[in-house]
Amino acid sequence: MNFLAPLYLLAGLAAAVPLLLHLWRRRTLARRDFPATRYLERAEREHSRSLRVSNLLLMVLRVLLVLAIAAAAARPIAGVAGVGHAPVALAIVLDNSLSTTAVRDGIAEFMRLRDAVRGALAQATSADRLWLVTADGRVRAGSASQLLDELAATQPLADGGDLSRALVIADGLVAGAELPARLLAIATDAQRSAWSAAIRTSRPLQLFAPDAPAPPNRSIVALAASPARWSPAGAVDAGIRSPDSVPVRLSIDDRTIARTIAPGSGPLTLRAMATERGWHALRLDLPPDAYVADDQRYAAVWIGDAPAGITRPSAGPFVEAAIATLTSAGTLARDPRTPVTVGAAQDVDALPALLTAPVNPLDIGAANRTLVRLGIPWRFGAAVSGRWTVRGGLADGALVQQRYELQRTGGRSDTVSTAGDAPWIVAGERWVLVASPLDPAATNLPVRAQFLPWLADALIARAAAAPGDLRAPLARSPRSLLHLPDAADSLEAPDGIVTPVTAGTRLPGARGVWFVRTRGRRTGAVVVQADSAENSLDRFTAATLAARLSSHGNATGNASRWAASVYAGGRARPLLLPLLVIASLLLLAEMFVVRPTRTTVP
């Protein structure tokens, strides 16, 4: 038994008053005999026994009356045996994250969780106030029959959702309810990555989690085109998690272009060549297992003809050697009809171009005039010397000893790399600008291993990209907000359906590659898939997870037991009315005891 206002129990001390009065009346006083009252002695002796019983009963009734009123004021609540429950405010969180699609013994975990919630809702009454909250934070409110219909229409998400946020939402819903019993319940697969952060609910939590281990699983945890633009050959870098070797298949637009056997967990590189041009979808497949959601992973790639690198003498010998190497390898073309000019800014006459700072400070004026003429919104400022580490982009980790301050004059551009928190490499549409000469006296980038990949990316992915094209695919999760380039006007779904969009739009909850379109042309790609953390099916036990989520409550792996325990808090009924009825009966009994009686005197 619990009391909502336990301080009122102190009023029960008033029960001592009738007892004290009874004891006071029993005191023996001085007696004097009056002849006129001697005839009463006989009657008193006959009725003394009944008077003592009456007084004792009156004292007991008054003590019980005071105790009943004090207990009623303290508002006691106690469990009441029987069928059903008192009206409750109940919020149930249903885990419909992607991991619940894992199959165990031929049944998806989501079906087990949904059946458990259905069993709990079936025990609700019309007096209950109910909510159903799913992993994406969506709230459904209504009667039990309405929520059962909503439950039947609920399907697993394409990503992990946010179960911690869903539980906080559910906790807040019941906290604002007016019913005295506010209950919270959750049905989840207890995936560790979904509950990485421990949270605390403000009320007892009834938790259901399957009491069986997760099924064995192979997964693809990473996939990306390398480089992001093929010309036309390239590769994909993948991450595989598997206890043993497993066959993999790489497809472009559902056409297989490579197969191999992955030796097990670890990185994997597949090289391929494609005849297609433009933006295309890549997909890597594993043989399906108990959790098919991570047996496919997506990437996007731009395929086209490589540009030719044309160097000016001011580019320096290291750049000339690197251009020759990339051309010999086929990464850059030999065709001079598709040139990207590389040189100091004052020697570049047209875009696309990779522009560097001049070696001679006297050429800064000419270099800045070239930047104005080409429409590049940056200018070279003062020359500075020091020692800075490059951060960002493929040049990350390089050292800079000499550079010029870059001053922005407006317009749209990206800061690719910084040196000493100042812009060092900036890029825009069909141009890349470096704040130092590409010479070992100014920076060690030309003698580092990443110089060739950096130069190829700068020429192919940045400088040679068509106007309005995205340089690389965008990676987003399902249902996330997508900010598109201003010129983009539509999205092409994986099934080919084109939908008009604005600059900011919310992605549908489906995985795959969506293409950004501008005036009927593919100008980029958005790769939509769940976070790789959703691939891990490692689980907490029900008891361990319950301890992380609530300081009190129950946890079970039995669906029927959980459905029965959800309303346990609703079986604690208030005893105010029964105590008031008892107090009223005690008053009536007191009136009966103290009523006047007629005494016959012989």
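As a starting point, this report considers the structure included with it. Here the structure is a predicted model, which means the values were calculated and not measured.

## Things to note about the pattern of salt bridges
When their charged atoms lie close together, side chains carrying opposite charge are able to pair. Inspection of the entire model under this criterion finds 19 salt bridges. The residue Arg112 makes a salt bridge to Glu109 at a minimum N-O spacing of 3.7 Å. Placement of the pair is Arg112 and Glu109 together in helix α3 (residues 109–121), with a separation of 3 residues, close to one helical turn. Arg471 is the partner of Asp457 in a salt bridge, and the nearest nitrogen-oxygen pair spans 3.1 Å. In this pair, Asp457 sits in helix α8 (residues 451–463) while Arg471 sits in the loop between α8 and β26 (474–476), placing the two residues 14 residues apart along the sequence. Linked by salt bridges that have partners in common, Arg104, Glu109, Arg112 and Arg539 make up one network.

## As for unusual backbone geometry
Between Ser226 and the following residue, Pro227, the backbone shows a cis peptide bond with an omega angle of 0 degrees. With respect to the helices, strands and loops of the structure, Pro227 is situated in the loop between β10 (219–226) and β11 (229–230). The peptide bond linking Ser231 to Pro232 adopts the cis configuration, its omega dihedral lying at -15 degrees. Note on placement: Pro232 falls in the loop between β11 and β12 (233–241). Although it is not a glycine, Asp105 sits at a positive phi angle of roughly 55 degrees. Mapping Asp105 onto the fold places it in the loop between β4 (103–104) and β5 (107–108). In this structure, Asp253 takes a positive phi of about 50 degrees despite not being glycine.

## Focus: the sheet that holds strand β3 (residues 88–94)
Adjacent strands of a sheet pair through backbone hydrogen bonds, lying either parallel or antiparallel. Taken in spatial order, the 6 strands make up an open sheet running β7-β6-β3-β8-β9-β33, and their pairing is mixed. Two strands in the sheet have a free side with no partner beyond their single neighbour: β7 (139–142) and β33 (553–556). For this sheet, the mean angle separating the axes of adjacent strands, direction not counted, is 15 degrees. As defined by bridge partners, strand β6 (residues 129–134) adjoins β7 across 4 bridges and the pair is classed as antiparallel. Within the sheet, the bridge partner assigned to Leu130 lies in β7 and is Gly142. Strands β3, β6, β8 (181–187) and β9 (205–208) of the sheet are contacted by α3, whose axis makes an angle of about 170 degrees with β3.

Conventions we followed
- Residues numbered from 1 in each chain as written.
- Predicted model: local features only at pLDDT ≥ 70, side-chain atom pairs only at ≥ 80, totals over all residues.
- Heavy atoms only, no water.
- Salt bridge = Lys/Arg side-chain N within 4 Å of Asp/Glu carboxyl O.
- Helix = DSSP H or I, 4+ residues; strand = E, 2+ residues; numbered from the N terminus.
- Pairing = 2+ DSSP bridges.
- Axes fitted to C-alpha atoms, helices over the stretch in contact; angles between N-to-C directions.
- Contact = heavy atoms within 4.5 Å.

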